[in-house]
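Report on the structure
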Amino acid sequence: MIKKTTHFNMDAITIENDKIRVTTLPEHGFKVASIYHKEKDFEFLFQPSNKEYKKAYHGADFSKYDTSGLDDCVPSIDPCKYLDTDIDLVDHGDVWSIPWDVKHTKGKLEGEVELPSLPLLFSREITLDEESIIFNYKVKNLSGEDVAYLWTLHGLNCYNENTRLEFPEDLRNYINVQNDEVWNFDIRNLKDYPKNHTFKYYFTDEIKEGWALLDYRDKRVKYKVNFDPRDNPYLGIWLTTGGFKEENNVAIEPCNGFYDTLERAVDNKKVKYVRANDCDFWQVKIDIIDY
C-alpha cells in the first residue's frame, strides 16, 4: 500500500505491507525518513533530534540540518572540485538537499533528480518484498563524455548498547579515516566504543560477500544491508557516540569509490565512471530478520 501522509512537519509518501512501513520525503532529497517494524513497534532509522525538518538548499552544510534517516551521497561526500575543473562538488553531494520528482505506481515508489553539478540523472526505486526493502538505482549520463562519480549509501540507524555490528568473517582489516587513533576494542560490539566520540573507518580487505548488519539483540531483529561488491566494492562504517551533535547513531555505508571525496577516489584510482550517454545500475536490499 502506498499513501500520502506527513512525517513530523514535512509531506511524506509511505509504502508498506503487513510487516514494514517505509516513509519517504520527496521534497527533502527523497530521504527515507523511517523504516518501521510494525509487529515490534520498532524504528530502525535515527530520527531528527529536533523532531522537525528544516528546508535545505543545494550546497547547504549537511551538519546544520537533520542528520537522520537514509540519504544518497552523490557525486561526493566531502566537498571538493570535479577533476581539473572549477566545478564545486558540495557537502554530502547534490541530492540530499533538493526536491525530487517522485511518482508511485502499484507497489513501487520511483524518484529521480538531475544533479546540479554534473550532467547526471539519478534515480532510486523502492519496492517491498515481504520483509525486504529493495532499492534499485540508476544513474544516466546526459553528456557525450565519461563522468566520474562517487556514490555512498548514507543511512543513519538507531542503536543502543545491546546492538552488535556483524559483517563477513574475512573482513578483518580497516583504516581509521578520521585521525591517527588506534582502537583496541572489538568494533562489532557497539557498547565498547568510547563515549562522546565519532568514528569513521573503511574495510581494506577485498569484499567478497556484500553485506553487513546490525543485530538489535534486545528486539531480536536484524537489519541487514546487502549489496553487490562488483558494483560497490568498498564498505565504510560511521558511528557517533555523542561526539557529533550529541547524537548516537551508526551507518553501514557501501560505496563505489574510496573514499569520501571524488577527488581522493580519482587519485586512489578507486572510482566509478559512467560512460558517455550510458547508464549504471545497482541494487541495495535491506532484509529485516526476526529471530
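For clarity, every value in this text was computed on a predicted model and none was experimentally measured.

A count of helices and strands for the chain gives 1 helix and 23 strands. Its C-alpha atoms give the chain a radius of gyration of 18 Å, near enough to 19 Å, the size a compact globule of 291 residues would have. Projected onto its principal axes, the C-alpha positions of the chain cover 50 × 45 × 35 Å. Within the chain, buried positions represent 57% of all 291 residues. Total accessible area computed for the chain in this model is approximately 12900 Å², and 44% of it derives from carbon and sulfur atoms.

A word on a negative patch on the surface. Together, Asp101, Glu110, Glu112 and Glu114 line one region of the surface with negative charge. In terms of residues, the negative patch owes the most to one element, strand β10 (residues 108-114), which gives 3 residues. Along the chain, Glu110 turns up in strand β10.

Our focus in this paragraph is unusual backbone geometry. Residues Val74 and Pro75 are joined by a peptide bond in cis, for which omega reads 10 degrees. The omega angle of the peptide bond from Phe258 to Tyr259 is -5 degrees, so this bond is cis rather than trans. Secondary-structure assignment places Tyr259 in the loop between β21 (247-255) and α1 (262-267).

What follows deals with the pattern of salt bridges. One pass over the structure, following the stated rule, counts 18 salt bridges. In this structure, Glu16 engages Lys38 in a salt bridge whose closest nitrogen and oxygen atoms are separated by 2.6 Å. Of this pair, Glu16 sits in strand β2 (residues 10-16) while Lys38 sits in the loop between β4 (31-37) and β5 (42-43); the two residues are 22 residues apart in sequence, bridging distant segments of the chain. For Lys38, a relative accessible area of 27% corresponds to the partly exposed category. Across the salt bridge formed by Asp72 and Arg124, the nearest N and O atoms sit 2.9 Å from each other. Of this pair, Asp72 sits in strand β6 (residues 70-73) while Arg124 sits in strand β11 (residues 120-129), and the two are 52 residues apart along the sequence. For Arg124, a relative accessible area of 1% translates into the label buried. Each of Lys31, Asp66 and Asp71 takes part in one network of salt bridges that share partners.

Parameters at a glance
Residues numbered from 1 in each chain as written. Predicted model: local features only at pLDDT ≥ 70, side-chain atom pairs only at ≥ 80, totals over all residues. Heavy atoms only, no water. Helix = DSSP H or I, 4+ residues; strand = E, 2+ residues; numbered from the N terminus. Rg over C-alpha atoms; globule rule 2.2 N^0.38 Å. Buried < 20%, exposed > 50% of the residue type's maximum accessible area, 1.4 Å probe, protein only. Areas by Shrake-Rupley, 256 points an atom, 1.4 Å probe, with all protein chains shown as cover. Patch = residues over 30% accessible without salt bridge, like charges linked within 9 Å, V, L, I, M, F, W, Y side chains within 5 Å. Salt bridge = Lys/Arg side-chain N within 4 Å of Asp/Glu carboxyl O. Lys, Arg positive; Asp, Glu negative; His and termini not counted. Charge placed at Lys NZ, Arg CZ, Asp CG, Glu CD.

On their own, these measurements won't tell you what the molecule is for.
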